[in-house]
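# Descriptive structure summary
Chain by chain, the residues:
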Amino acid sequence: MSTIKDIAEMAGVSYGTVSNVLNGRGNVSAKKIKLVEEATQKLGYQLNLQAKILKEGFAKTVSVILPNINSEQYYSLYDGLFNELSEQGYELSLYLTHDAKERELQFIQKIATKRDSAVIVVSCLASAESYYQTVKTDKSKIIFVYRRPDFAEQFVSLNFVQAGHDIADAIMAKSHHRIGLFSNATTNANSHSLKEGLLQRFKQAQYDVELYHVESVPSDRNYNLAFSFFNRPNIQFDAIITSDIDRAHYIRNANYFGSQSSCPPIYTLANDNFFYEDNFYQYHMNYGMLSKKIVSTILGEVDTYNIIKNKGFLFFSDNHFLPKNTEHKQSINFLILPSPSTEAVRKLLPHFKKQTGIDVNLIVKSFDEIYHIFNQLDEHADIDIVRIDMASLPWFAPSILKPLSALQLDLPQLLSHYSPQVTERFTYINQIAYGIPFDPSIQMLFYRRDLFEDPLIKRLYFEKYRQNLDIPVNFAQFAQINEFFDQRRNPDSPIQFGSTITLGNSEIIASEFLLRYYANGGTLVNGLSVALNEKIAVNTLNQLKIFMQSANNLDATWWQRSVEEFEQGNSAMLIVYMNLFSYLSTKNILPLIGYSSVPGNMPLFGGGSLAMSRYSQKIEEVSAFFNWIFSPEISEQVALLGGAVAQDSIFQNQKIISNYPWVDVSHKNYLYGIRENQLSNGQAINLRKIESIIGQYIDLWLKSNSSCEEMITMLNEQLQQESYLL
């Protein structure tokens, strides 16, 4: 077996240098790092991690002990832990007990030698003392989940009592009286809480109910026990409640093979994703989000997920989608931009037609075409719903949109799903509600995390600039990193470009400029006028010009190509609106991607709202569509299909966070978003026209020999001459 001494001899460096490289320490030159890496690879050397742990006294590892990985609550828990902890550099070891106490005790002995940072366990033991007496991990980092053994100090679970209350309410609403309950034994804390919640609510309502409970431990007996609901003479259940989807499927199978009667409706606890099954009423628990609470405990962070609410029933009743008058339904014409959100809606429209009988025709037009239609919407009276960019909302709302008060909506309830920062910018104009947030977005920085964490690349960067390669927090750093990764300037770069800029559309050019302009402290609106601060604008132009000399300059009219370039591994960084990053099609690149606030932390708001044309008379049809598309159930489906959604509920969906992990960060950054579309007195301005002028002048400047000062002077003069007020 090769040793560090062998590596040192082959690489021609000292023993200490090899040790520093292998352990990521010390001030080692890029040349020596290359030599050590090449020698290590040739010799097939593997670092003795156990020796390292013994020397350092800890390991960045976590042991997870579960009864099984088949039940969705355990799978979701592990999947969430894996995603969260892997992001923090931890390695997980999984142990499955199958609810055998002897096996769990053996695992305790095994993990005692590992010196884990944390142990997470769903235990079948009566007491936690076996862990505390054997495992060296601190008690505060031994976390018991779902089941609480005696003396356990750290315990986390979900609100199963509330689940019992809510399911009991649903049972009573359907007038079911003879009920079956299929769960673990009530010695299990969750099963006990679920049953307790059911009985509490029935008793509070003085509701006459006959409850037959089948308890099962271990889980491999569940299928046999399911048949007991159908082999009881003269007993027909009105409904059966199960504690998980697996038991629900066993009930259905048992009914199919073991009963001549039809299967009663099944009410079951489920994970946070909805999957349609006939006659299943799924009560959704936030199993996956429980992992966030656990990880925050391990990391010692302030726990922002202290109370994890149950999601409850989804699609329990579709009646609220129906228009009041269903006899004379008219089709809806919906004007919208091409985007991932548009494609998500297109896929879901058959559900709306099935529920309401209403056809929806998507009229997909470019940004410029939609703006042109807005300017003469009276000539397009056939259009009923429009997707309107938030930058244009104040300008067009009073003249072409119908106030939402005219529709059949519970507007306070509907808007309660959004943060105040979102509704302030995407709904209200002069305190009148015109639009409902559809695909709110914000600019974010995406980067290749594997490149930023590579020791050799980090050393090469340090030797070139005498600075650490960190995520850029200002545009001077961003431009420098962009230059470093440009292979035309740095042949050692492992990637072709540092970043990409899109230059085929004047509004996009303005977006690139304004992002930097705001980061430098500039403003567009100055009281009751619009003008650029000359000094800041000139400085911003110089920054932009330096950046463009090293960036990949794309002559494209939309951001999709820049996303594709990033996805294909041609650039190290990309600044783009979060909703457009969903164009990313190859999920294999996701583990390599990092995401952060934009440099300067002054991102531009993007995205838009849905509103009703003032020329449309289809109040009931449009109301039905809005009640449908903005329901938590459908909004979640839009997000799962890659659309941008800002409803609070999606930020507690594990699958959405796992597939699009940046949405949580973007949600927090809404507070810093900027888009100046009104004067200081609240008067609307034609921001689209203003941004078009800015983009056109910058584009002209890029193609001419005029100075920055001359260009800004001409631009400001043009802004003063233009009519951008109502």
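Residues numbered from 1 in each chain as written. Predicted model: local features only at pLDDT ≥ 70, side-chain atom pairs only at ≥ 80, totals over all residues. Heavy atoms only, no water.

### Thoughts on the overall build of the chain
We count it as follows: Secondary structure elements are taken from DSSP: a helix is a run of H or I of four residues or more, a strand is a run of E of two residues or more, and numbering for both begins at the N terminus. C-alpha atoms define the radius of gyration, and 2.2 Å times the number of residues to the power 0.38 defines the globule rule. The cut-offs for exposure are 20% and 50% of the maximum accessible area for each residue type, with area from a 1.4 Å probe on protein chains only; residues under the lower value are buried, those over the upper are exposed, and the others partly exposed. Should any heavy atoms of two residues lie within 4.5 Å, those residues are considered in contact. Using a 1.4 Å probe, accessible areas were evaluated by the Shrake-Rupley method; residue-level cover was limited to the displayed protein chains. When charges are counted, neither His nor the chain ends are considered; positive counts come from Lys and Arg and negative counts from Asp and Glu. By convention, the point assigned to a charge is CZ for Arg, NZ for Lys, CD for Glu and CG for Asp.
Along its length, the chain carries 29 helices and 27 strands. What you see for the chain is a C-alpha radius of gyration of 30 Å, in line with the 27 Å of a compact globule of 726 residues. A total of 726 residues make up the chain; the buried ones form 56% of that total. Expressed as a percentage of contacts within the chain between residues at least 6 apart in sequence, the contacts between residues at least 24 apart total 71%. As presented, the chain carries roughly 31,500 Å² of accessible surface, and 47% of it is formed by carbon and sulfur atoms. Here the chain contributes 63 positively and 75 negatively charged side chains, and the mean placements of these two sets differ by 5 Å.

### Here we look at a nonpolar patch on the surface
To keep things clear, this is the line we draw: The patch calculation keeps residues exceeding 30% relative accessible area without a salt bridge and links them within 9 Å when they carry like charges or within 5 Å when they are nonpolar (Val, Leu, Ile, Met, Phe, Trp, Tyr). We define a salt bridge as a side-chain nitrogen of Lys or Arg found within 4 Å of a carboxyl oxygen belonging to Asp or Glu.
The grouping of Tyr223, Tyr256 and Phe257 at the surface amounts to a nonpolar patch, some 390 Å² of accessible area in total. Topologically, Phe257 is positioned in helix α11 (residues 245-258). With relative accessibility at 57%, the residue Phe257 sits in the exposed group.

### Concerning the nonpolar core
Definition in use: For this analysis, a nonpolar core means a set of buried residues of the types Ala, Val, Leu, Ile, Met, Phe, Trp, Tyr and Cys, connected via side-chain atoms within 4.5 Å.
Phe485, Phe513, Phe625, Phe626, Ile629 and Trp662 are the most contacted members of the largest nonpolar core, which totals 139 residues. Ranked by residue count, the leading element in this core is helix α21 (residues 506-519), at eight residues. In contact with Ile629, not counting residues within four places along its chain, are Val345, Leu610, Ile634, Ser635 and Val638. Judged by nonpolar contacts, the second largest core, of 46 residues, contains Tyr78, Tyr207, Tyr267 and Tyr281.

### Focus: the side chain of Asp244
Rules: Polar contact criterion, stated in full: a pair of N or O atoms within 3.5 Å, where within protein one must be able to donate a hydrogen and the other to accept it, and residues adjacent in sequence count only if both atoms are side-chain atoms.
Considering the arrangement of structural elements, one finds Asp244 in the loop between β8 (239-242) and α11. A polar contact is formed between the side chain of Asp244 and the backbone nitrogen of Asp246, at a distance of 3.1 Å. Dropping the residues within four chain positions of it, Asp244 is found in contact with Thr268 and Leu269.

### Observations regarding the sheet that holds strand β11 (residues 312-313)
How we decide: Note on pairing: two strands pair once DSSP finds at least 2 bridges between them. A fitted line through C-alpha atoms serves as each axis, taken over the contacting stretch for helices, and the angle formed by two N-to-C directions is quoted from 0 to 180°.
The six strands lie next to each other as β7-β6-β8-β9-β10-β11, forming an open sheet whose pairing is mixed. On the outer flanks of this sheet lie β7 (210-215) and β11, each paired with one strand and no other. Across four bridges, the pairing between strand β6 (residues 178-183) and β8 is parallel. For Ile179, the partnering residue across the bridge sits in β8 and is Ala239. Taken strand by strand, helix α8 (residues 160-173) contacts β6, β8, β9 (266-270), β10 (280-284) and β11, and its axis lies near 155 degrees from that of β9.

### Some remarks on the sheet that holds strand β1 (residues 61-66)
Spatially, β2-β1-β3-β4-β5 is the arrangement adopted by the five strands of the open sheet, whose pairing is parallel. What marks the edges here is a single partner per strand, and that holds for β2 (91-96) and β5 (154-156). Averaged over neighbouring strand pairs, the angle between their axes works out to 20 degrees when direction is ignored. By the bridge criterion, three bridges tie strand β3 (residues 118-121) to strand β4 (residues 142-145) in an arrangement that is parallel. What sits directly across from Val119, in β4, is Ile142. Docked against the sheet, helix α6 (residues 101-111) engages β1, β2 and β3, running at close to 155 degrees with respect to β2.

### Overview of the environment of Glu633
The residue Glu633 is located in helix α25 (residues 632-640) in this model. Taking the C-alpha atoms as reference points, Glu633 and Phe202, 431 residues apart in sequence, are found 28 Å from one another. Aside from chain neighbours lying at most four places away, what touches Glu633 is Leu314 and Phe315.

### Remarks on the environment of Tyr74
When you line up the elements, Tyr74 lands in helix α5 (residues 72-87). Exposure remark for Tyr74: the relative accessible area of 4% places this residue in the buried category. Separated by 59 residues in sequence, Tyr74 and Tyr15 place their C-alpha atoms 46 Å apart. The residues contacting Tyr74, other than those within four sequence positions of it, are Leu66, Pro67, Asn68, Ile69, Val122, Tyr146 and Arg147.

### Description of the confidence of the model for the chain
Selection criterion: Per residue, pLDDT measures the predictor's confidence, with a range of 0 to 100.
Per-chain confidence: the chain averages 87 in pLDDT, with 93% of residues scoring 70 or above. In this model, residues 49-57 is a region of pLDDT below 50 whose contacts with residues beyond four sequence positions or in other chains number 10 contacts.

### A look at the side chain of Ser562
Mapped onto the secondary structure, Ser562 falls in helix α23 (residues 560-567). By relative accessible area, which is 1% here, Ser562 ends up buried. Excluding residues within four positions of it along the chain, Ser562 makes contact with Thr500, Thr502, Leu554 and Leu574.

### Notes on the pattern of salt bridges
Going through the model one piece at a time under the given rule, you end up with 24 salt bridges. The salt bridge partner of Glu343 is Arg346, with a shortest N-O separation of 3.4 Å. Separated by three residues within a single helix, Glu343 and Arg346 lie in helix α13 (residues 340-356), roughly one turn from each other. Under the relative-accessibility criterion, Glu343 is labelled partly exposed at 36%. Judged by relative accessible area, Arg346 falls into the partly exposed class, the value being 39%. Across the pair Glu512 and Arg516 runs a salt bridge whose closest N-O atoms are separated by 3.0 Å. Taken together, the positions of Glu512 and Arg516, both in helix α21 and four residues apart, correspond to about one turn of that helix. Looking at Glu512, the relative accessible area reads 9%, which means it is buried. Among the charged side chains, a network of salt bridges with common partners joins Glu483, Asp486, Arg488 and Arg489.

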